[in-house]
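# Remarks on the overall topology
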Amino acid sequence: SLDTLAEGFLDLATALPIPPSWPPYSTTIILCTVLSRLALTVPFSIWAKRRQWRAEEVVMPIMRSMAPKVARSVSEEMTRERVHGTKEQIRAIHSKRVKEILSKQRKLLFAEHQCQPAATMLIPPVTQLPVFVGLSILFSRLSQAPTPFDSESFLTLSTLTHVDPMGALPIALGFITLANVESSRWFMTDAQLKREEQVQQWKAQRVTRGETVLEPQKIVKSSLRLVSVGRILIASMVPGSVVLYWVTSAAFGLLQTWMLDYWEFRRKRKLEAYPSQITLGEILGHGHRYVV
């Protein structure tokens, strides 16, 4: 029960060999946050990164080599079927059939190599959410009177039971969340930046022609920026113990993101420096070499 967990946390805070000059409950909140993230968040994040790399280094090269063959096969099939129509109609039918075949093959390859994108993207946040919600509820419960939290202060928090009177920790939470959003470009290779410029030019050309161009990444980034502001507002209304947990978790998440992005950056640089070493034949014959 929640009361049992609350009593267990208080017992842990008094049992840990924390230096007398350190606030015991705040220190225990930080330790519990870091340990829970290390035990539950980091392994799933690394698991997702490895699945992503399998998709990029195993599945996508196979799909690229398969595309011309499928296109020729569909053309031959349409010739045998004597498909008639205008040039644009025939091209549209051909494109539709090729996309359907490649889509099916891609799904089969994702399943074969255990790197389906949906699971890769969803499982890490889904596994983090119960812990985040659970600990937030636990610390909120511990902040209700009577509680020893009301006798301990930390940084700008007068007590762990009250909101931050200066708003420093809520603002820090918002900035950390925003930094997690904006730092995605910090670890991009020259080739990735060049491709991004080409994509932006292509989008600008389509907009000039009057076409509608959806940019999911910009939509997601704008939404996350709004989330950063929303977190400041919410954090300014919850007990200090909960804010301390949120700030610690967000800071850990930011460091984790930077480490994984740097890991990805080094891998991309290596692939760009030695592209000839990673051929389709090597991937098909020694796929296990590329599962980090």
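Residues numbered from 1 in each chain as written. Predicted model: local features only at pLDDT ≥ 70, side-chain atom pairs only at ≥ 80, totals over all residues. Heavy atoms only, no water.

## A look at the packing of helix 1 (residues 2-15) against helix 2 (residues 24-81)
How we decide: Fitted lines through C-alpha atoms give the axes, limited to the stretch in contact for helices. The angle between two N-to-C directions lies from 0 to 180 degrees. Only runs of H or I of at least four residues qualify as helices and only runs of E of at least two qualify as strands under DSSP, and these elements are numbered from the N terminus. Throughout, the term roughly parallel applies to angles under 35 degrees, roughly antiparallel to angles over 145, roughly perpendicular to angles from 65 to 115, and oblique to all others. Residue contacts are counted whenever heavy atoms from the two residues lie within 4.5 Å of one another. Amino acids are sorted into nonpolar (Ala, Val, Leu, Ile, Met, Phe, Trp, Tyr, Cys and Pro), charged (Asp, Glu, Lys and Arg) and polar (every other residue, Gly among them).
For the pair helix 1 and helix 2, the least separation of the axes is 9 Å and the interaxial angle reads 110°. If you check the angle between helix 1 and helix 2, you find them roughly perpendicular. Of helix 2, the residues touching helix 1 (which contributes Phe9, Leu10, Leu12, Ala13 and Thr14) are Pro24, Tyr25, Thr28, Ile29 and Cys32. Per-class residue counts for the contact of helix 1 with helix 2 are eight nonpolar, two polar and no charged.

## What to know about the UniProt feature "transmembrane region" (unreviewed entry) in the protein chain
Rules: UniProt positions are given in the numbering used here, feature names are shortened, and annotations may be inferred rather than shown by experiment.
Annotation from UniProt places "transmembrane region" (unreviewed entry) at residues 25-47 and 232-255. For residues 25-47, the end-to-end C-alpha separation is 33 Å, with 100% helix and 0% strand making up the annotated structure. This span, residues 232-255, is 83% helix and 0% strand, and a straight line between its end C-alpha atoms measures 20 Å.

## Thoughts on helix 2
The criterion, for reference: Note on bend: the value at a residue is the angle between axes fitted to the seven residues ending there and to the seven starting there.
When the local axis directions of helix 2 are compared, the greatest deviation, roughly 40°, occurs at Leu38. Phi turns positive one or two residues past the end of helix 2, at Arg82, with a value near 55°.

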